[in-house]
Amino acid sequence: MSGPVLLQWNGEAFQPANRHWARECDKRYVVGEFYTLAEHNDRSMNSHRHFFAAVNDAWRNLPEQYPACPSPSPPSTSGPMR
């Protein structure tokens, strides 16, 4: 089974949000069976930025005894990989 399925609550039942998700549900689930629903909340861009700002701050505040640690920035793509 892969990731979450996008469903919409209509006041009485959950329904696939569109035809794509209806086909996906037909592939994954059996009519009449019971399934447990778990809500999945995507993270916001603000949350994403906040997390990586905290990681960057942690890197910048490492003790001096760790001078060989790599940089928190992504590697440069302009040169060859080593």
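Before reading on, note that the structure itself is shown above.
Keep in mind that this is a model prediction, so the values were computed, not measured.

A.B. asks: I'd love a proper account of the overall build of the protein chain, names of residues and values included.
C.D. replies: Of the regular secondary structure elements, the protein chain holds 2 helices and 2 strands. Along the protein chain, from the amino end to the carboxyl end, the secondary structure elements read β-β-α-α. When burial is assessed residue by residue, the protein chain has 6% of its 82 residues classed as buried. A sequence separation of at least 24 residues applies to 24% of the contacts in the protein chain between residues at least 6 apart. Summed over all atoms, the accessible surface of the protein chain reaches about 8000 Å², with 55% contributed by carbon and sulfur.

A.B. asks: Let's hear about the packing of aromatic side chains: which residues, and what values?
C.D. replies: The full count for this structure, using the stated rule, is 3 aromatic pairs. A ring pair is formed by Phe 51 and Phe 52, whose centres lie 4.9 Å apart and whose planes are at 90 degrees; its orientation type is edge-to-face. The class of Phe 52 is partly exposed, set by a relative accessible area of 43%.

A.B. asks: Report on a nonpolar patch on the surface, specifying residues and quantitative values.
C.D. replies: A cluster of nonpolar side chains, Leu 7, Trp 9, Phe 14 and Leu 37, forms an exposed patch at the surface whose accessible area comes to about 410 Å². Residue placement: Trp 9 occurs in strand β1 (residues 7-9).

A.B. asks: Which residues make up the side chain of Arg 28, and what are the values?
C.D. replies: With respect to the secondary-structure elements, Arg 28 resides in helix α1 (residues 19-28). Among the polar contacts made by the side chain of Arg 28, one reaches the main-chain carbonyl oxygen of Gly 3 at a distance of 2.6 Å. At a separation of 2.9 Å, a polar atom in the side chain of Arg 28 contacts the side chain of Glu 24.

A.B. asks: Provide a residue-level description of the pattern of salt bridges, including the pertinent values.
C.D. replies: Throughout the structure, instances matching the rule amount to 3 salt bridges. Notably, a salt bridge pairs Glu 24 with Lys 27, separated by 4.0 Å at the nearest N-O pair. Taken as a pair, Glu 24 and Lys 27 lie in helix α1 at a separation of 3 residues, close to a single helical turn. On the accessibility criterion, Glu 24 (16% relative accessible area) is buried. The class for Lys 27 is exposed, based on a relative accessible area of 66%. Shared partners join several salt bridges into a network, and the residues in it are Glu 24, Lys 27 and Arg 28.

A.B. asks: With reference to specific residues and values, describe α1.
C.D. replies: Buried within α1 we find Trp 21, Glu 24, Cys 25 and Arg 28. An end-on view of α1 places all buried positions within 100 degrees of arc, on one side of the element. Residues Arg 19, Asp 26 and Lys 27 are exposed on α1 and point more than 90 degrees away from its buried face. The elements touched by buried residues of α1 are β1 and β2 (14-16). Its side-chain oxygen 3.1 Å from the backbone nitrogen of His 20, Asn 18 forms the N-cap of α1.

About the criteria used
Residues numbered from 1 in each chain as written. Predicted model: local features only at pLDDT ≥ 70, side-chain atom pairs only at ≥ 80, totals over all residues. Heavy atoms only, no water. Helix = DSSP H or I, 4+ residues; strand = E, 2+ residues; numbered from the N terminus. Buried < 20%, exposed > 50% of the residue type's maximum accessible area, 1.4 Å probe, protein only. Contact = heavy atoms within 4.5 Å. Areas by Shrake-Rupley, 256 points an atom, 1.4 Å probe, with all protein chains shown as cover. Phe/Tyr/Trp six-rings, centres within 6.5 Å; stacked < 30°, edge-to-face > 60°. Patch = residues over 30% accessible without salt bridge, like charges linked within 9 Å, V, L, I, M, F, W, Y side chains within 5 Å. Salt bridge = Lys/Arg side-chain N within 4 Å of Asp/Glu carboxyl O. Polar contact = N/O pair within 3.5 Å; in protein donor to acceptor, adjacent residues only side chain to side chain. Arc of directions from axis to C-beta.

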